[in-house]
Amino acid sequence: GGAGSSKSYSAAQKLVSRCMESGTKHKFLVLRKYKTTIEGSVFNLIREVIDSFGIFEHVKVNNTKMDFTFFNGNEIVTSGLDDVDKLKSIHGITGVWMEEADQFEEYDLGQVNLRLRGRSDSYKQIIITFNPVSEDHWLKRKFFDEGGENIYTLWSNYKHNLYLDKEYISVLEREYLYDP
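Residues numbered from 1 in each chain as written. Predicted model: local features only at pLDDT ≥ 70, side-chain atom pairs only at ≥ 80, totals over all residues. Heavy atoms only, no water.

**Q** Give me the overall build of the protein chain: which residues, what numbers.
**A** The helix and strand inventory of the protein chain stands at 5 helices and 6 strands. Along the protein chain, helices and strands appear, N-terminal first, in the series α-β-α-β-β-β-β-α-β-α-α. Rg of the C-alpha trace for the protein chain: 17 Å, near the compact-globule value of 16 Å for 180 residues, within the 12% margin. The dimensions of the protein chain, computed from C-alpha atoms along their principal axes, are 45 × 35 × 30 Å. For the protein chain, the exposed surface amounts to about 10,600 Å²; the carbon and sulfur share of it is 50%. Here the protein chain holds 23 positive side-chain charges and 27 negative ones, and the gap between their average locations is 7 Å. (Helix = DSSP H or I, 4+ residues; strand = E, 2+ residues; numbered from the N terminus. Rg over C-alpha atoms; globule rule 2.2 N^0.38 Å. Areas by Shrake-Rupley, 256 points an atom, 1.4 Å probe, with all protein chains shown as cover. Lys, Arg positive; Asp, Glu negative; His and termini not counted. Charge placed at Lys NZ, Arg CZ, Asp CG, Glu CD.)

As structure tokens, this is what we get:
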């Protein structure tokens, strides 16, 4: 989806909601291409969602590792994928969110997919969020042109976000005149 479409916020809400489920063990891996970009983006966003749900006192936040452990043992862990071998040491993953996925290589997705193994009480899922960057990008080819049986795509833009202020909408509409 485009800028301001609430795709990242929606993904964070989904992960936090699933972590609040009782009776199902979840361990979500949240990825950015580079670990240095996590704190200023997905880590703070997940904190914001936890706070908006009113459950902050029921979640242990590890500010050093930038991870979350919920009252029921469910977890959200973060990692950079600048070195794909880092994934080999992360076990028990039941879901993955790849934020700004246009920065990843197609090979990275393949390696992420290999980490979703083992038995789980719940469905396994990879959520991929990104801004469209090119008609030639591998994400467009893989998910929109080729598609597949287990692939669901959701397109969004700023008009789908009910919480944007008028000033930001004006900025986006001016930008879209030159770069749809």
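Still to come is the rest of the account.
**Q** Any chance you could break down helix α4 (residues 138-146) for me, citing the residues and the numbers?
**A** Every α-helical turn comprises 3.6 residues, leaving residues that sit three or four positions apart pointing alike. For α4, the set of buried residues is Trp-138, Leu-139 and Phe-143. Taken end-on, α4 shows its buried residues confined to a sector of 115 degrees, consistent with a single buried face. Along its buried surface, α4 packs onto α3 (106-115) and β6 (125-129). Of the residues one or two after α4, Gly-147 is the one with positive phi, at around 65 degrees. (Buried < 20%, exposed > 50% of the residue type's maximum accessible area, 1.4 Å probe, protein only. Arc of directions from axis to C-beta. Contact = heavy atoms within 4.5 Å.)

**Q** Explain unusual backbone geometry to me, and be specific about the residues and the numbers.
**A** Most of the time, phi is negative for any residue but glycine, and the peptide bond is trans. Its identity is not glycine, yet Met-66 carries a phi of approximately 60 degrees, on the positive side. Even without a glycine there, the phi angle at Glu-100 is positive, about 55 degrees. The residue Glu-100 is located in the loop between β5 (95-99) and α3 in this model.

**Q** Explain the packing of aromatic side chains to me, and be specific about the residues and the numbers.
**A** Evaluation of the coordinates by the stated rule reveals 2 aromatic pairs. Ring centres of Phe-130 and Phe-144 lie 6.5 Å apart, and the angle between their planes is 75 degrees; on these two criteria the pair is classed as edge-to-face. Pair noted here: Phe-130 is in the loop between β6 and α4 and Phe-144 is in helix α4, with a separation of 14 residues, a long-range link. Taking the relative accessible area as the measure of exposure, Phe-130 reaches 13% and is therefore buried. One Lys or Arg, Arg-18, reaches over the ring of Tyr-123 and ends 3.9 Å from the middle of that ring. (Phe/Tyr/Trp six-rings, centres within 6.5 Å; stacked < 30°, edge-to-face > 60°. Lys NZ or Arg CZ within 6 Å of the ring centre and 35° of its normal.)

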